[in-house]
Amino acid sequence: MSTTASALKLIKFSALAALCAWTAPALAQNAGAGAGGAPSTGGAAGMGGMVASGGTAGDGGGETATGGVGGMGVGGDTAAGGMSAGGMGGEPASAGSTASGGEGGSGGMATSNLVSNGTFDTVKDPWWGNASDSDPEFPADQLLEVVEGRLCSTMTQAGKNIWDVVVGYTGVALVPNQHYRISFSASADIERPMKVKTGLNAAPWTDYFITSVPLTPTAQTFEFTYLNLRDDAAAQFQFQMGKTPGTVCIDDVVLEPVPAPVVPAYQTPAPSGHPFKDYKALVKIGTAVDTPIFLSNPQHNAIVAGEFSMITPANSMKMNLIQPVQDMFDFTDTDGLVAWAEANGLEFRGHPLIWHTQAPGWLNDATTLGRDEMIAIMYAHIDALMTRYAGKFPFWDVVNEAIDSVEGTWTFRPTIWHDRIGMDFIDLAFQRARAADPTAKLLYNDYNIEQMGHPKADRVFELVRDMKSRNIPIDAIGLQGHYFVEPSGETALGVPDMQAIRNNMARYAEIGVDVHITETDFRIGKPLDPAKTELQNKFYAELLQACIDAPNCKHFTVWGLSDLDSWVPSTFAEFDHAHVWDAQLAPKPAYFAMSAVLAKYNTDGTPIMGTAGGAGMAGMAGSAGMTGTAGTGGAPASPAAPAAKSEDSGGCSFASRTSGTATGLLAAFAMLGALLSRRRKSQRR
Ligand code: XIL
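Note that the structure is predicted; figures quoted are calculated from it, not measured.

J.: Help me understand the overall build of the protein chain in this model?
T.: Along the protein chain, the regular secondary structure elements total 17 helices and 23 strands. Here the protein chain, with 685 residues, has 64% of them falling under the buried criterion. Contacts spanning at least 24 positions in sequence make up 79% of the contacts within the protein chain whose residues lie at least 6 apart. Summing over all exposed atoms, the protein chain offers an accessible surface of approximately 21,800 Å²; the carbon and sulfur share of this is 56%.

J.: Looking at this structure, I do not really get the sheet that holds strand β7 (residues 192–199). What am I missing?
T.: Whenever strands of a sheet pair, they do so through backbone hydrogen bonds, lying parallel or antiparallel. Spatial ordering of the open sheet is given by β2-β5-β10-β7-β8, a layout of five strands whose pairing is antiparallel. If you trace the sheet from one side to the other, it starts and ends with β2 (128–131) and β8 (207–215), each paired once. Averaged over all adjacent pairs, the angle separating strand axes in this sheet is 25°, with direction ignored. Bridge count for β7 against β8 is eight bridges, and the pairing is antiparallel. Within β8, the residue paired with Arg192 across the bridge is Leu215.

J.: Any chance you could explain the packing of aromatic side chains here in plain terms?
T.: Going through the model one piece at a time under the given rule, you end up with 27 aromatic pairs. Measuring from centroid to centroid gives 4.9 Å for Trp581 and Tyr591, while their planes differ by 55°, and the two rings are tilted. Here Tyr591 lies in helix α13 (residues 589–598) and Trp581 lies in the loop between β23 (575–576) and α13, a separation of ten residues in the sequence. The class of Trp581 is buried, set by a relative accessible area of 1%. Here Tyr591 falls in the buried class, since its relative accessible area comes to 0%. Taken together, Phe120, Trp127, Tyr169, Phe184, Phe222, Phe237 and Phe239 form an aromatic cluster joined through their ring pairs. In this structure, Lys456 is placed above the aromatic ring of Tyr447, and the distance from its NZ or CZ to the ring centre is 3.5 Å. Across from the ring centre of Phe572, 3.7 Å away, lies the NZ or CZ of Arg523, which sits over that ring.

The rules behind the values
Residues numbered from 1 in each chain as written. Predicted model: local features only at pLDDT ≥ 70, side-chain atom pairs only at ≥ 80, totals over all residues. Heavy atoms only, no water. Helix = DSSP H or I, 4+ residues; strand = E, 2+ residues; numbered from the N terminus. Buried < 20%, exposed > 50% of the residue type's maximum accessible area, 1.4 Å probe, protein only. Contact = heavy atoms within 4.5 Å. Areas by Shrake-Rupley, 256 points an atom, 1.4 Å probe, with all protein chains shown as cover. Pairing = 2+ DSSP bridges. Axes fitted to C-alpha atoms, helices over the stretch in contact; angles between N-to-C directions. Phe/Tyr/Trp six-rings, centres within 6.5 Å; stacked < 30°, edge-to-face > 60°. Lys NZ or Arg CZ within 6 Å of the ring centre and 35° of its normal.

In structure tokens:
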């Protein structure tokens, strides 16, 4: 087929979204399965299939990460409705989970296949290929031909990005709120990743669904389902393979509508019998969620709905996705998440309004804008988002990550917003946000600001105190809470220092500012080992306890449910295992450590037996309290702690609320915690 390059508008690639690495959605993979659309190995709940391991090393992380809009030869920052496509992610696709096996999966080629000639018996039409020549340094080249009944794309010259050489199919009719099953066989002459996507057939080439699959010389059948949110009579279906020379062959392509997978019933594994959300009078626990894995993965959904009180969109509200073209807002993915949250009784947090990262290309490219024009853009963005969801979102991260170290001084980060408006852009953003939705609580959100005494934390505190003193409407500080342990097992001095975190929370209380833990996770430098796991358990439990103990901290969000859909491996190549559920969506010890903290309280927030509460329990991941001993290492309770949180006598027995087994489990955690020597830990996002 001839290429359609002429019909394609090339969008300049923005390097700004280096963090924008998407972790692959659920995927089932039948290694070596033959042709003919082998049924998924997935189990009843759409779970299962083999774990598809990640893309090749070296493709991981940042450089491809930019909401790659795919589209033929297009790059870009305008990417990806809801998916912040991008990074080939060192370990993208992990455990299969939404495989359609059991529900819509079918053996053999389905009659409802939306693509024709997916078998390539003799001809390639109507499939087409495209190689981008947009970057003179990377003039991609492609030979597309049918070889022994498979469609083979030979890249004689690689492109700069994976989407610089594609095989595509134009004109698939997609219906909103419909699940689709995608199945295909693929192989390559060398191990390499390939992406598969559905998306808009024109600029801004928005991805509706995109995932990465690891190809090997042996043909494998890949299969998964996803929930489509878009109404598009002529969507594009595409394979992206452009970054490495060599040959990729595909065959037996099926894209067909299937019934929605059944959401499994959920029962909390917490020994107390209470899921996190039962304690919302004490602390509201939330998680970040991302499309498409979120809306497509029934087990994931069951856990989030069963355990959590709040969700934050991990990407769908980033400016490159929600305003990919100036004044063209794409609320599809956020609306989908909001509808799901409403249906399941979860609060929704707006994140983020004004941020320099994951900004759209049109904004990054408009380098000549003056202050007034930039303010107008900022106001238009705030108004559009906050008006749409007025009264629905109780919390908004109005400004994200605006302070940084510049030549050794902690000050305003040089960004498109700061540089073109001036340092009052923060004030202006908060004032506009307050006017747009007076009912919403407004946050400044940042990382490495958790601990009092850290220069950035102190600088941000000054910023907030100054704003308060000038009556700029800021209600809360978002402590992102991204912590880690090095691959070596080492951590840097005093991090996380729970006392410093407690002191930080307390000083915000003094100036009338609430504290939210907004994005916490504890990533582990590979390889995982029991000592690192124990540090993680301790971290999650202690941070949760610190929040519970602080009178001004009632919100605690973890940044992603599980190691399956983690942002970590594709962003920090040497790290993984950051979350509270594992890649098979099973609760990790950190989950039980957090549950143990909560189990010290009644669900109305009062301490059990009138003895729990902050102070004595804090030090050892809640363990001191759990075993009924005094809270060794615990921080003193905040003097201002409310009764339900601060009536603490240092010990706590919750045996009346737990089974013997559960008590033993919790005691084991306590012992493990106690065995830990005080580690030196480091903090970095
Ligand atoms: C992350 C998302 O989780 C990733 O999927 C994306 O590739 C990059 O951004 N601080 C923030 C979040 O405020 O929005 C970031 O989320 C993580 C760091």
